[in-house]
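Now for the letters of each chain:
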Amino acid sequence: VQLQASGGGSVQTGGSLRLSCAASGRTFSSYRMAWFRQAPGKEREFVAHITGTGSITYYADSVKGRFTISRDNAKNTMYLQQNMLKPEDTAVYHCAARTPSGGVYYLPQSYDLWGPGTQVTVSS
């Protein structure tokens, strides 16, 4: 599986964006997926996670209530709807995939596959 994130851009505080992560390959639904972000000078941090069927999701406290993770297995695509964006949400956003047996959902080292990131910039 190869991953490609898109949908980033520049918005003002309070704006919205929808990120997409397109995956190649036939086994997309078997992977648990997540979004991470990395701001300049900071470590990569967990944003949201979704199971293979999409039935269970987890969010970082900093985005809970503002961001929504979802997936469409028929389209091999995962999404991150970002609402009420804040300047502190500015970062490069990466999508990642892991097999069900691997690790802890909020740790980057648990993920086997990563795609190139997409930049999100929120101005005040």
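Presented here is an overview of the structure given in this document. Since the model is a prediction, treat every value here as computed from it, not as a measurement.

1. Looking at the packing of aromatic side chains
- Considering all chains together, one arrives at seven aromatic pairs under this definition.
- Grouping aromatic residues by their ring pairs yields a cluster made of Phe36, Phe46, Tyr58, Tyr105, Tyr106, Tyr111 and Trp114.
- In this arrangement the basic side chain of Arg18 is found over the ring face of Tyr79, its NZ or CZ atom lying 4.0 Å from the centre.
- Sitting above the plane of the Trp114 ring, Arg44 keeps its charged end 4.6 Å from the centroid.

2. A look at the pairing of strand E4 (residues 32-38)
- Of all seven residues that make up E4, five are buried, and the element is covered over most of its length.
- Taken together, the seven bridges between E4 and strand E9 (residues 91-98) define a ladder with antiparallel strand orientation. If you follow Ala34 over to E9, its bridge partner there is Ala96.
- Strand direction decides the pairing type here: E4 and strand E5 (residues 45-50), joined by five bridges, are antiparallel. Looking across to E5, one finds that Ala34 is bridged to His49.
- Hairpin remark: E4 followed by E5, antiparallel, with six residues in the connecting loop; positive phi at Gly41, about 80 degrees.

3. Here we look at unusual backbone geometry
- Despite not being glycine, Asn76 has its phi angle at roughly 55 degrees, a positive value.
- Within the secondary structure, Asn76 sits in the loop between strand E7 (67-72) and strand E8 (77-82).
- Classification of Asn76 as buried rests on a relative accessible area of 19%.
- Unlike most non-glycine residues, Met84 shows phi in positive territory, near 50 degrees.
- Residue position: Met84 is located in the loop between E8 and E9.
- In this structure Met84 comes out as partly exposed when scored by relative accessible area, which is 47%.

4. What to know about the sheet that holds E8
- With respect to topology, four strands assemble into an open sheet ordered E1-E3-E8-E7, the strand pairing being antiparallel. Single-partner strands in this sheet number two, and they are strand E1 (3-6) and E7. Neighbour-to-neighbour, the strand axes of this sheet turn through a mean angle of 15 degrees, independent of strand direction.
- As judged from the four bridges shared by E1 and strand E3 (residues 17-23), these two strands associate in the antiparallel manner. When the bridges of E3 are listed, Gln4 appears paired with Ala22.

Rules and cut-offs
Residues numbered from 1 in each chain as written. Predicted model: local features only at pLDDT ≥ 70, side-chain atom pairs only at ≥ 80, totals over all residues. Heavy atoms only, no water. Phe/Tyr/Trp six-rings, centres within 6.5 Å; stacked < 30°, edge-to-face > 60°. Lys NZ or Arg CZ within 6 Å of the ring centre and 35° of its normal. Buried < 20%, exposed > 50% of the residue type's maximum accessible area, 1.4 Å probe, protein only. Helix = DSSP H or I, 4+ residues; strand = E, 2+ residues; numbered from the N terminus. Pairing = 2+ DSSP bridges. Axes fitted to C-alpha atoms, helices over the stretch in contact; angles between N-to-C directions.

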